[in-house]
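# Overview (structure and organization)
In case you want the letters, here they are:
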Amino acid sequence: MKTRFAPSPTGFLHIGGLRTALYAYLFARQNKGGFILRIEDTDQKRYTEGATENLIRTLDWFGLHYDEGPYLENGGLKEKGDFGPYFQSHRTEIYKKYSDELVAQGHAYPCFCSEERLEKMRMQQAANKQAPMYDRHCLFLSPDEVKQRIERGDLYVIRQRIQEDPPRIVFEDTVRGNMEFDPKTIDDQVLIKSDGFPTYHLANVVDDHMMGITHVIRGEEWLPSTPKHIALYQALGWEPPTFAHIPLLLNPDKTKLSKRQGDVAAEDYIQKGYLREAIINFIAFLGWNPGTEEEFFSMNDLVEKFSISRVQKAGAIFNIEKLEWFNGHYIRQKTPAELAQLILPRLQTKWFHESEYGQITEESVDNPDEKTKYFLKAVEVIQTRMKTLEEAPDMLKFFLEDEVPFDEALLMREKMKVDKGVAITAFTKLIETMEGMSEEDIKDEEKQKEILMQMIQDAGLKNGQVLWPMRVALTGAEYSPGSFEVAAALGKEKSLRRLQAYLDKLS
RNA sequence: GGUCCCAUCGUCUAGUGGUUAGGACAUCAGGUUUUCAUCCUGGAAACAGGGGUUCAAUUCCCCUUGGGACUACCA
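Parameters at a glance
- Residues numbered from 1 in each chain as written.
- Chains lettered and ligands numbered in written order.
- Predicted model: local features only at pLDDT ≥ 70, side-chain atom pairs only at ≥ 80, totals over all residues.
- Helix = DSSP H or I, 4+ residues; strand = E, 2+ residues; numbered from the N terminus.
- Rg over C-alpha atoms; globule rule 2.2 N^0.38 Å.
- Buried ≥ 20, exposed ≤ 12 C-beta atoms within 10 Å, placed from the backbone.
- Contact = placed C-beta atoms within 7 Å.
- Pairing = 2+ DSSP bridges.
- Near = placed C-beta within 6 Å.
- Nonpolar A, V, L, I, M, F, W, Y, C, P; charged D, E, K, R; others polar.
- Domains from an automatic or database assignment.
- Axes fitted to C-alpha atoms, helices over the stretch in contact; angles between N-to-C directions.
- Parallel < 35°, antiparallel > 145°, perpendicular 65-115°, else oblique.

## Looking at the overall build of chain A
In terms of regular secondary structure, chain A is built from 21 helices and 13 strands. On C-alpha atoms alone, chain A measures out to a radius of gyration of 32 Å, which is more than a quarter above the 23 Å that the 2.2 N^0.38 rule sets for 507 residues. Overall size of chain A, expressed as C-alpha extent along the three principal axes, is 105 × 50 × 45 Å. Looking at the 507 residues of chain A, the share that counts as buried comes to 35%. Considering only contacts within chain A whose residues lie at least 6 apart along the sequence, 73% involve residues at least 24 apart.

## Brief notes about the pairing of strand β8 (residues 177-181)
Buried residues are scarce in β8, accounting for zero of its five residues. As defined by bridge partners, strand β7 (residues 169-173) adjoins β8 across five bridges and the pair is classed as antiparallel. The residue bridging Glu 172 from the neighbouring strand is Asn 178, located in β8. Here β7 folds back onto β8, and the loop between the two strands holds three residues.

## Regarding the protein's contact with RNA strand B
Every one of the 64 residues lining RNA strand B counts as a neighbour, but Ser 8, Glu 40, Ser 194, Ala 314 and Gly 482 are closest to it. Elements represented by at least two residues in the surface near RNA strand B include exactly α4 (115-127), β8, β13 (316-317), α11 (320-333), α20 (463-475) and α21 (483-506). Its residues placed into classes, the surface near RNA strand B shows 24 nonpolar, 19 polar and 21 charged.

## Topic: the domain arrangement of chain A
Accessible area lost upon the coming together of the parts serves often as the stated size of an interface. Along its sequence, chain A is organised into domain 1 (2-88 + 249-321), domain 2 (91-246), domain 3 (334-400) and domain 4 (408-506). Centre-to-centre separation of domain 2 and domain 4, based on C-alpha positions: 75 Å.

## Structural notes on the packing of helix α3 (residues 92-104) against helix α6 (residues 200-210)
Taken N-terminus to C-terminus, the directions of α3 and α6 make an angle of 100°; their axes are 10 Å apart at the nearest point. Classified by the angle between their axes, α3 and α6 sit roughly perpendicular to one another. Contacts from Ile 94, Tyr 95, Tyr 98 and Ser 99 of α3 reach α6 at Leu 202, Ala 203 and Val 206. The residue makeup of the contact of α3 with α6, split by class, is six nonpolar, one polar and no charged.

Right, here's the structure in full:
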C-alpha cells in the first residue's frame, strides 16, 4: 500500500493541494502503507526558484511526513527512498525509454504538426461544432518520411495513439464508482514534448508504476484524463493502480478554488495566524466526515477514523467562517504559555519588542519573572476573544503600551448614564478604593469584584456608571475584556495610573 | 460545442423506501445582573423541478434544470 502527493512546484502549496496531500497521507498511515512526495517539474516554463523548498517546509509544518522524496537538510535539497530520483526533471531518460517502447509497439507516434496547423485545425473543428481533437495527420506519415524529418532535425512530439479496440475504457473509482469512457472521444495526447520533457500524462503513469504506487488519490480535475492514463497502463502492460478522485475545493461562487477570490496558498493561512490543528481539522472536513456528530479531530484521530468511502462526491465551498471558528476553538485549547509562544513572534512593533518580555519557554513558564507573568496574564485575557493569531498584537496593545488614549466621547455613554459628573465621581471613588486594596486583592479577580461592587453599592451608583468609565480608562477601547479582568491583569500600579490619567484629563 | 462529474438549510454535512429530515458554522432572540468575547438556552432556515417504480418516495430509475471540471507541446 503506497500513496503519493505529486505537486507541481509553482511557488506555493495550494490549500486544495494540501487537502489532497492530507487525504493521501491519512489513507497511507491508516493502512500502514507508504507515502511519498514526488515533484512534477516537467514544465520548464513554469520553473519557480525555491518552490520545492517552500513546498517541503509547508508540508512539514502541517506534519504531513513522507517516507520517500526530496527533503531539506541544512537548507539544501536531498532525497530519500529507493525509487528516486523524485524530481521528474531528473527522470527524462526513463520516460524516453518507455515512449520509444510505445512507439515501437504502435501505441504512440511522432507528430510534426506546427502550432499554427494545430490551432487552425481546432478553430475549424470549433466552427463545425466538433470536439477539438488531433486529426491524426502525422499518424499516416510513411516510415521513411518520419525518419527523414527526424534526421533533418524537425521538431516533433510523441503522441499517444488511443486504440479503439476495447470499445469502452473502464475503471473503478473509489469515490465515484464505475467509470466508463468511449475511446473515440479521447484525444491523442502528447506524451513527449518537443523539448524532450514528458507531459504529465506519461510521467505520471510511468512514475506511479515504477514507484509502486497502489492508490492514486488526486483532485477531481484529473477525472477526464484518467482514461488516457488507463490506456497507457494497458499499452505498457502494467496493472493500473486504484484511483480515487476527490471533490474540488470551491470559491464562494462555486468555481474551482482560485487566487483572486481569496487566499489559496496554505502559507497565507499560516501567516494569518491559523493553527495547524485548525487548518487540518477544517480541510479534512471539507469533503469528508466521520458520520458521527464529533467534529474535533486531531491528526491522530483522522488517521484512525478517515475513510475514502465516506468522501463526498460534490465539491465543497471553502468557508472561511468555519475555519475561524475551528481556529478559535483550538486557540482556546492552548495553555496561556503555549499561546504566548505562538504570539511572541508577531509582536515586533515600535512599542514592543520580543526581548522586552523575554522568551516564553518551558523553563520560564515554570519559573516566570514579573514581565513574563504579566505577559502570560494578558494572553490569558485575550484568549477567548481571538480568532486568529494575527489579531493578537492589536488586542494586546493596551496591555503593552504605557498610556491609553483619552476618548471623552467614548467615556460619556448615554446608554450607561455616564456624564462628566458621574465619571469624575466614579474615578475618584475607584482610585480611593483601589488605593486601599492590596496588590493581591486586585489580582484576585473575584476578590476585586467583591470589593468594588460593594463600593458601587455604597456610593449609590449603577454598575455601568462605574464599570464603563473604569474599562474605558483601563483600555481606551470601545470593545475589550471586562474591567475586573483587565485591572487584575494590569495590577494595582498600572490600573491606578490609568484611572488617575483619565481623572486628570477630565478635570 | 464535445466528454465527464455533481445536486439535503446561506455554508459544511448526517440520514432512511414510512423520521417532528439530525448536527455544526453563520444568523436572530434571550441569559451569564458594564462593552466585547467565551459559555448556556431558544428560534428561523433544506430534500431543484417533472415523470415513473412502489401501498409509500428526500431516498431507486429516467428526463429536465442548475452548477462544475476537463477539452495545451500546464499540471
